[in-house]
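Here is how the chains run, residue by residue.
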Amino acid sequence: MPTSEEAERLMQLSREAYDRGDVVLHLQAEVSRLTGQASSWGSAENDFVSDDHVGYFLSDVERIGWRLEHTGYTFVESGATTSARMLSSGTGVVNHGHVAGYFTFRRITPSA
């Protein structure tokens, strides 16, 4: 999940792009994280944490004068942890990574 520093950096980019007169704004932010540790039994102990504040962040960007046009998401794997299973064959795998949200905004044209 984006830290408060990262959220402020993205908000600053949004303000600067609007002030410059850009027509399109594209932002990327982490929206959830998959973590975990290998268990002593060799099973996967994954933990999925989601950021419930993404909607608030997107609303703040829209308040500047942008309109959300498109979103996309992808899982970005950062590694995996494996451990041997104690009572059966094979290994347990715990994947690590995050889901990145890609948000494309279009500048709102003021009504004449």
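Please read these numbers as outputs of a predicted model, since none were measured by experiment.

Draft legend 1. The arrangement of the pattern of salt bridges in detail. According to the stated counting rule, one finds six salt bridges in the structure shown. The salt bridge partner of Glu6 is Arg9, with a shortest N-O separation of 2.9 Å. Remark: Arg9 and Glu6 occur in helix 1 (residues 4-20); sequence separation between them is three residues, near one turn of the helix. Residue classification places Glu6 among the partly exposed residues on the basis of a relative accessible area of 24%. Classification of Arg9 by relative accessible area gives partly exposed; the value is 42%.

Draft legend 2. Geometry of the packing of aromatic side chains. Scanning all chains against the criterion turns up two aromatic pairs. Ring geometry for Tyr18 and Trp66: centres 5.9 Å apart, planes at 80°, overall edge-to-face. Residue Tyr18 is located in helix 1, and its partner Trp66 is located in strand 3 (residues 66-84); the two are separated by 48 residues in the primary sequence. Measuring from centroid to centroid gives 6.1 Å for Tyr73 and Phe103, while their planes differ by 85°, and the two rings are edge-to-face. Highlighted residues: Tyr73 in strand 3 and Phe103 in strand 4 (residues 91-107), separated in sequence by 30 residues. Under the relative-accessibility criterion, Phe103 is labelled buried at 0%.

Draft legend 3. Molecular detail of the nonpolar core. Membership of the largest hydrophobic core comes to 15 residues, with the highest contact counts inside it found for Leu25, Leu27, Phe57, Val61, Phe103 and Phe105. When sequence neighbours within four positions are dropped, the list of residues in contact with Leu25 reads Leu13, Ser14, Ala17, Val61, Trp66, Phe103, Thr104 and Phe105.

Draft legend 4. Structural context of helix 1. Over its 17 residues, helix 1 runs 24 Å from end to end, which matches the ideal 24 Å to within 8%, given 1.5 Å per residue. Residues of helix 1 that are buried: Leu10, Met11, Ser14 and Ala17. The arc that holds every buried residue of helix 1, seen down its axis, measures 125°, which confines them to one face. Away from its buried face by more than 90 degrees, helix 1 exposes Ser4, Glu5, Asp19 and Arg20. Downstream of helix 1 by one or two residues, Gly21 has phi in the positive range, about 90°.

Cut-offs applied
Residues numbered from 1 in each chain as written. Predicted model: local features only at pLDDT ≥ 70, side-chain atom pairs only at ≥ 80, totals over all residues. Heavy atoms only, no water. Salt bridge = Lys/Arg side-chain N within 4 Å of Asp/Glu carboxyl O. Helix = DSSP H or I, 4+ residues; strand = E, 2+ residues; numbered from the N terminus. Buried < 20%, exposed > 50% of the residue type's maximum accessible area, 1.4 Å probe, protein only. Phe/Tyr/Trp six-rings, centres within 6.5 Å; stacked < 30°, edge-to-face > 60°. Core = buried A, V, L, I, M, F, W, Y, C linked by side-chain atoms within 4.5 Å. Contact = heavy atoms within 4.5 Å. Expected span 1.5 Å × (residues − 1). Arc of directions from axis to C-beta.

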